[in-house]
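# Analysis of the macromolecular model
Each chain is listed here by its residues.
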Amino acid sequence: MEIGLVDLFDGSEERDVAFMAEFGRTAEELGFSGIWLPEHLVFFDEYTSAYPYPNAPSASDPDKLETHNKSVGGRARVEAAADQGLLDILQAAAEVCAATTRLRVGSSVLLLPLRNVRTFTRELMTLAELTDDRFDLGVGVGWSAEEFGACGSPFKTRGRRCEQNMVELARQWAEDADGLYPQTGRALPRMLVGGHSPVALRRAATAGTGWYPWNLTVSQFGEHHATYLRHLEEAGRDRAEQHVVAGLRFTGELTALPDVVGRYAELGADGVNLSLRMTAESYAETMSAVSDAVGLAA
Amino acid sequence: MEHGVACSLRTRPGTRLAEAVTEAAWTAEEAGLASWWTVGDREAAADRSFDPLLGLQCAARATTRLRLATSGDLLSLASPAVRAKQLATLDWLSRGRAEVGLDLAVPPPVLADPFLEEERDSLEVALEHLAGMRALWTQDRAGHQGRVLSFAGAIALPKPVGARVPKTHVRATSTEVLERVVAAGVVPDGWLAWQQSADELVHGIGELTAVVGDAAEQVRRTWFVPVADYYAARDSVPGLGVRVDELVAVLDHVPAPVEVAALAA
């Protein structure tokens, strides 16, 4: 079972380049499979858009949801500092991989509709080269109309653009009919689709190479995974060639973790990603405790 | 006059990209070169290069002093918030050494986003994207209101070091384009004579002076020449009759350390 950590590098003095390297090496030494990085290009003080994942599975009963995020005006808010920064996700991934040898780095998730696939393909090929194929591309459609506005990208059509970009990315990687990209011979990175809406499940099964739901209870995960499997079967695709990672914000006692992880695994997850919101001061202790709790060092 | 190197990110057989850039950039710094440039988006596609900006990150990791610059960003092709974050991150990683070079000519159609249907004036889009990026780089709660880009209250962090606008160079272009750049409130920090002949260089600086007047004296002039012409160009500069601040050799591959060292000799 792969256990990944979702955490962020914010461009602060506290989390400088040396911190990023040490953070990655610590995760690697403690047996975690990867570090997964969230993406936002910008944040806002006020949103008209609601954050779609404010409820996370309870540690004591992962079939129940607990609400951790704040709400303003009845709309859930993303969990972020008042002046939240985030480094560019591809450069952050390259930096962590440069300091490690085995650890994978993933996007949790990259906002693919905001990219021009013609230029993004080159970026992704370069990252695959720099990381020696250790980058996993989690993709999503985002939720903030404000963010899409600042990016000059249409919000309403973001789902369609995401899928178009996924299909085109795979096509260009395989064919490169226009002769635009380096010839590396490397495989397209895993492309995991975030979310669990009906269209996200279909997109994951037909255009992606994996599925990456967030904050589902164990039973919700099981239901949606069954739908995902049905889409795969209809598309004539082999589950063994896909990769499924269940991600969640985890705030409970670590003693509950083995059961939570085990139940996702029983239902078909290849990996579980944990967002623990570790501090710069105590991340090593937290990682060590989680590693012990789920037996990664064994 | 300072000297620099620009290259496509193509590697020699048997060499890995990160190691090749690391060795070459480190050698450039040790040999006394002033700058490490990428080729532009246009050349990256034509040369089947790896991504210029991620290559600059490798150079940043290997050096402490070299200026790190793009030479031909096609801003109309990218989301301004994405590009602003990429460049701000490079600046953060390199402790304030990032510079930006713009290519304001019409992008190759093959690089256009295939899923954006509207016909757009690429120069208008590029200039608005630049204005949006400058707002994101410098304002606590950034905003921009324009014809192709509108937003308000955006928190974009990290900023470039010092919350400054990284030095912004413009590739030599026509008088008409330069007039539109200036009308948009942008006086370039630098003028890039990209693979131009000596005559074209001199003519271009004349056009720059005609449009921006005395401010042209404050604009850094960088002359990019194919590496095969580098030494002849270096010898010709004193006789050009115009000031050249930097001469840059352009290679279609990541140079071996011995090639880099030769440029400083």
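The structure presented is a predicted model; accordingly, all values stated were derived computationally and were not measured.

## What about empty space enclosed by the protein?
For the structure on display, the rule yields eight cavities of 30 Å³ or more. The computed volume of the largest cavity comes to approximately 270 Å³. In terms of lining residues, the largest cavity is bounded by 23 residues, among which Thr119 and Glu123 of chain A together with Asp41, Ala78 and Arg83 of chain B are the most central. Put simply, the parts of the chain that give the lining of the largest cavity at least two residues each are α3 (117–131) of chain A together with α2 (41–46), α3 (52–62) and α4 (80–93) of chain B. For the lining of the largest cavity, the leading source of residues is α3 of chain A, giving five residues. By residue class, the composition of the lining of the largest cavity is 11 nonpolar, four polar and eight charged.

## Considerations on the nonpolar core
Counting 173 residues, the largest nonpolar core has Trp36 and Trp223 of chain B as its most contacted members. Ala44, Leu192, Phe224 and Val250 of chain B belong to the second-largest nonpolar core, a separate cluster that totals 10 residues.

## Some details on the packing of helix α8 (residues 257–266) of chain A against helix α9 (residues 283–294) of chain A
Residue and element names in this part refer to chain A. The interhelical angle for the contact between α8 and α9, taken along N-to-C directions, is 60 degrees, at an axis separation of 8 Å. As the angle between them shows, α8 and α9 are arranged oblique. Relative to α9, the crossing made by α8 is right-handed. For the pair α8 and α9, the contacting residues are Leu257, Pro258 and Val261 in the first and Val290, Ala293 and Val294 in the second. Of the residues in the contact of α8 with α9, the class split is six nonpolar, no polar and no charged.

## Quick look at the sheet that holds strand β1 (residues 2–7) of chain B
Residue and element names in this part refer to chain B. The sheet built from eight strands closes into a barrel, its strands ordered β1-β2-β3-β4-β7-β8-β9-β10 with parallel pairing. Between one strand and the next, the sheet's axes are offset by a mean angle of 25 degrees, whatever the strand orientation. The pairing of β1 with strand β2 (residues 35–38) spans four bridges and is classified as parallel. Note that in β2 the partner of Gly4 across the bridge is Ser35.

## Here's the deal with the sheet that holds strand β3 (residues 43–44) of chain A
Sheets are built from strands paired through backbone hydrogen bonds, the pairs being either parallel or antiparallel. If you walk across this open sheet you meet the three strands as β3(A)-β6(B)-β5(B), and the pairing is antiparallel. At either end of the open sheet lies a strand with only one pairing partner, and these are β3 of chain A together with β5 (142–145) of chain B. Pairing analysis gives two bridges linking β3 of chain A to strand β6 (residues 150–155) of chain B, with the strands arranged antiparallel. Residue pairing in the sheet places Phe44 of chain A in a bridge with Ala154 of chain B of β6 of chain B. Against the sheet, helix α5 (residues 122–138) of chain B contacts β5 and β6 of chain B, and its axis sits at roughly 160 degrees relative to β5 of chain B.

## A word on helix α2 (residues 89–98) of chain A
Most of α2 of chain A sits out of view: nine of its 10 residues are buried. For α2 of chain A, the full list of buried residues reads Ile89, Leu90, Gln91, Ala92, Ala93, Ala94, Glu95, Val96 and Cys97 of chain A.

## Examining the UniProt feature "domain: Luciferase-like" (unreviewed entry) in chain A
In the numbering adopted here, UniProt assigns the feature "domain: Luciferase-like" (unreviewed entry) to residues 87–249 of chain A. The span residues 87–249 of chain A is 45% helix and 16% strand, and its two end C-alpha atoms sit 21 Å from each other.

## Thoughts on the layout of surface pockets
As a volume, the largest pocket reaches approximately 870 Å³. Of all elements in the fold, only β4 (55–57), β10 (135–140), α5 (158–174), β11 (191–194) and α6 (198–206) of chain A reach the threshold of two or more residues within the lining of the largest pocket. Taken together, the residues that form the lining of the largest pocket break down as 23 nonpolar, 15 polar and seven charged. Roughly 560 Å³ of volume is contained in the second largest pocket. Together, 29 residues line the second largest pocket, and Ser76, Leu77, Ala112, Asp113 and Arg120 of chain B are the ones closest to its centre. Here the lining of the second largest pocket takes three residues from α5 of chain B, the largest share from any one element.

## Structural notes on the interface of chain A and chain B
Across the contact, 57 residues belong to chain A and 45 residues belong to chain B. In total, chain A and chain B occlude about 4,400 Å² of area from one another, counting both sides; carbon and sulfur atoms represent 58% of this. Contact with chain B buries surface across chain A, with Gln91, Arg122 and Leu130 of chain A losing the most and accounting together for 14% of the total. Linking chain A with chain B are six salt bridges. We note a salt bridge from Asp45 of chain A to Arg141 of chain B, for which the minimum N-O separation is 2.6 Å. Put simply, chain A and chain B have 23 residue pairs in polar contact (both at pLDDT 80 or more) between them. Secondary-structure elements contributing two or more residues to the side of chain A that touches chain B are α1 (17–29), β3, α2, α3, α4 (145–150) and α5 of chain A.

## Observations regarding the UniProt feature "domain: Luciferase-like" (unreviewed entry) in chain B
The sites that carry the UniProt feature "domain: Luciferase-like" (unreviewed entry) are, in the present numbering, residues 3–227 of chain B. Note that residues 3–227 of chain B is 39% helix and 19% strand, and that its end C-alpha atoms are spaced 12 Å apart.

## A few points about the packing of aromatic side chains
All names here are of chain A. A complete count under the given rule lists 18 aromatic pairs over all chains for this structure. With a centroid separation of 5.6 Å and an interplanar angle of 40 degrees, the aromatic rings of Phe19 and Phe23 are classed as tilted. On the criterion of helical spacing, the pair formed by Phe19 and Phe23 is a turn pair, its members being four residues apart in helix α1. Exposure class is identical for Phe19 and Phe23. Each is buried. An aromatic cluster is built from Phe44, Tyr47, Tyr51, Tyr53 and Trp143, whose rings are joined through pairwise contacts.

## Quick word on unusual backbone geometry
Going from Ser108 of chain A to Val109 of chain A, the amide bond is cis rather than trans, its omega being -5 degrees. Note that the residue after Leu157 of chain B, namely Pro158 of chain B, is joined by a cis bond; omega there is 5 degrees. A positive phi is found at Arg277 of chain A, a non-glycine position, where the angle reads about 50 degrees. What makes Arg277 of chain A partly exposed here is its relative accessible area of 34%. Even without a glycine there, the phi angle at Arg48 of chain B is positive, about 55 degrees.

## Digging into the packing of α3 of chain B against α4 of chain B
All names here are of chain B. For the pair α3 and α4, interaxial distance at closest approach is 9 Å and the crossing angle is 10 degrees. Judged by the angle between their axes, α3 and α4 are roughly parallel. Only Arg83, Gln86, Leu87, Leu90 and Leu93 of α4 make contact with α3, whose side of the interface consists of Leu53, Leu56, Gln57 and Ala60. For the contact of α3 with α4, a count of residues per class yields six nonpolar, two polar and one charged.

## A short note on the side chain of Glu124 of chain B
Take Glu124 of chain B: it is sitting in helix α5. Excluding residues that lie within four positions of it along the chain, Glu124 of chain B makes contacts with Arg147 and Arg180 of chain B.

About the thresholds
- Residues numbered from 1 in each chain as written.
- Chains lettered and ligands numbered in written order.
- Predicted model: local features only at pLDDT ≥ 70, side-chain atom pairs only at ≥ 80, totals over all residues.
- Heavy atoms only, no water.
- 1 Å grid on protein atoms, 1.4 Å probe; cavity = no way out; pocket = protein on both sides within 12 Å on 5 of 7 lines; lining within 4 Å.
- Points joined across faces, edges and corners; volume = space filled by probe spheres on them.
- Helix = DSSP H or I, 4+ residues; strand = E, 2+ residues; numbered from the N terminus.
- Nonpolar A, V, L, I, M, F, W, Y, C, P; charged D, E, K, R; others polar.
- Core = buried A, V, L, I, M, F, W, Y, C linked by side-chain atoms within 4.5 Å.
- Buried < 20%, exposed > 50% of the residue type's maximum accessible area, 1.4 Å probe, protein only.
- Axes fitted to C-alpha atoms, helices over the stretch in contact; angles between N-to-C directions.
- Parallel < 35°, antiparallel > 145°, perpendicular 65-115°, else oblique.
- Left-handed = near helix turned anticlockwise from the far one by under 90°.
- Contact = heavy atoms within 4.5 Å.
- Pairing = 2+ DSSP bridges.
- UniProt positions renumbered as here; feature names shortened; annotations may be inferred.
- Buried area = accessible area lost by both parts, 1.4 Å probe.
- Salt bridge = Lys/Arg side-chain N within 4 Å of Asp/Glu carboxyl O.
- Polar contact = N/O pair within 3.5 Å; in protein donor to acceptor, adjacent residues only side chain to side chain.
- Phe/Tyr/Trp six-rings, centres within 6.5 Å; stacked < 30°, edge-to-face > 60°.

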